[in-house]
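# Overview (structure and organization)
Spelled out, the chains give:
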Amino acid sequence: MTPNIRQALQYCPNLPSPPRIAMQILELGRDPDVDFGALSRLLMNDPALASRILRASNSALYAQRRRSDNLRQAMVVIGLNATLTLALSFSLAEALGSGRHTHQGIRLIWRRGLIAASTSRLLGEHLGIQDLEELFLAGMLQDIGILALDAAMPDIYRPLIDRAESHDVLLREERETLGTDHGENGAWLMRHWGLQERLALIASAVHDPEAATVPPEARRFVSCVAVASQIADLFLGDGNRDEETRRVADRAARLLGLSDQVLPSLLGDIAGLLPAVAELYDTDIISPRQATGVLDQAREILAARTLHLIHQVEEQQRNVLEMERTHLQLLETASLDALTGLHNRRRFDEVLDTEFRLATEHGWPLTIGFIDLDHFKKVNDHHGHLAGDSVLCRVAELLLKHLRECDFVMRYGGDEFIALLPGTGLEQAAAVFDRLRMAIAEETHVDPEGKRFHITSSIGLASHMDGMRRASGPMDLIRDADKALYAAKGQGRDRTVAD
């Protein structure tokens, strides 16, 4: 950056600046002890922003199986760091969106940023990169230097935007006319705002990531945004689409190792996601007709590129599909019980820690229930293991049917289940679990030989932050419920006992 441009930026009265809520989010993000409670309190001060977070958690960006009904649920689903970054992206959009910039070239940059942001996130998800929301924010902010230069020297810079036929032409004009480019100026502005250093690094390196000095740990991050930017140009460009598609394919293969066979699917996912992103950011990005035209042409070009390698491609596709299936199976195994489809012990430990902390901080009750099927071994011995598995699956269905969507239901192991009821005291929970116990007892099961049988259950309950009931930690709450379960068994089974 030249001294003259640095001075122009420093003393520019119209330089884009983050809104107050963005600065508060940045300050909160620097606190190593930040938690859901602190972030929730901040977001609730801005109902519009809180509403956007809730909408985002239920949008195609996350594609959750279970809908979030309130901000707390949305934050748990998305995660703390992701919520912080997503909130920052929404608040910064006020400084970047087309509503404040009427010039056509600036509006085009905003549309390009949103396409690159959505694409960066999808690429990161495809490649297994963490911090997907930071990738989204990086894609959105990569061209912020254009806004800075346009504000600092409109008489000189605006003609460059008007003349530029493409993003690459604009970069070349900037370097020839100003001795710098908007990437370098965008990096300066991000540091001036106090944003993460990695975001500033992307702004300065994204236009030529192979030549830029990028730390190894950040290279794939930068490469994702670089490829996403090229894809954004493909969707928005009106020039030689054949050449643009080839440039996308070459850069994706070179920087990320993505083959021509993977790209059409990714481009389709991007086009499918853009309407949801446009709605979240209250803007128009690209018409469905234009997106369809880009996809059709890109698919034809990419198919032609790989026709002579068809046999190798088929083998590669089989390998990719198998890897995707294995990846999905690993993800499923990591958080779900294979038999019942309920959450497993690993997921339960994560949820319990979070809910216990929230209950303690906010003073709302939390009740846990251990459910043990009585004499389940006799079911396996007398009716067979297939019948036993069927019983477990049916009990899981009854649990989901009789509990709320915001409750967490897990298979704890063997014939034990566990349910966590946030915001529910012991007396209310006891009534819920007693109805559940009777429903289990009334259910008729049939073994492979047609024999009908019933099974009962014993349930132990324990509560935290309910009246005088306090647990010193999550494990104490589990031990209290387990103790109540053994009491239920000792009293003859088929009953609900509270600690």
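Above: the structure in question.
All of the points below concern the structure found in this document. (Residues numbered from 1 in each chain as written. Predicted model: local features only at pLDDT ≥ 70, side-chain atom pairs only at ≥ 80, totals over all residues. Heavy atoms only, no water.)

## Side note on the sheet that holds strand β1 (residues 366-373)
- Reading across from one edge, β2-β3-β1-β6-β7 is the order of the five strands in this open sheet, with mixed pairing throughout. Of all strands in the sheet, those bounded by a partner on one side alone are β2 (408-413) and β7 (496-498). Strand-to-strand twist of the sheet, defined as the mean angle between neighbouring strand axes without regard to direction, takes the value 20°.
- Where strand β6 (residues 457-464) meets β7, three bridges bridge the pair, whose relative direction is parallel. Residue pairing in the sheet places Ile 459 in a bridge with Thr 496 of β7.
- Sitting on the sheet, helix α23 (residues 474-490) touches β1, β2, β3 (416-422), β6 and β7, and the angle it makes with β6 is about 145°. (Pairing = 2+ DSSP bridges. Helix = DSSP H or I, 4+ residues; strand = E, 2+ residues; numbered from the N terminus. Axes fitted to C-alpha atoms, helices over the stretch in contact; angles between N-to-C directions. Contact = heavy atoms within 4.5 Å.)

## Examining the environment of Leu 280
- Of note, Leu 280 is situated in helix α16 (residues 263-280).
- With a relative accessible area of 4%, Leu 280 lands in the buried category.
- It is 9.2 Å that separates the C-alpha atoms of Leu 280 and Ile 53, two residues lying 227 residues apart in sequence.
- Once you skip the residues sitting within four places of it in the chain, Leu 280 turns out to touch Arg 52, Arg 55, Ala 56, Ser 59, Leu 61 and Phe 90. (Buried < 20%, exposed > 50% of the residue type's maximum accessible area, 1.4 Å probe, protein only.)

## Section: the pattern of salt bridges
- This model, assessed by the stated rule, comprises 27 salt bridges.
- Among the ionic pairs, Asp 143 bridges to Arg 112, the shortest N-O distance being 2.5 Å. Residue Asp 143 is located in the loop between α8 (132-141) and α9 (144-152), and its partner Arg 112 is located in helix α7 (residues 104-127); the two are separated by 31 residues in the primary sequence.
- Across the pair Arg 198 and Asp 131 runs a salt bridge whose closest N-O atoms are separated by 3.1 Å. On the criterion of sequence distance, the pair formed by Arg 198 in helix α13 (residues 197-205) and Asp 131 in the loop between α7 and α8 is long-range, its members being 67 residues apart.
- Each of Arg 112, Asp 143 and Asp 233 takes part in one network of salt bridges that share partners. (Salt bridge = Lys/Arg side-chain N within 4 Å of Asp/Glu carboxyl O.)

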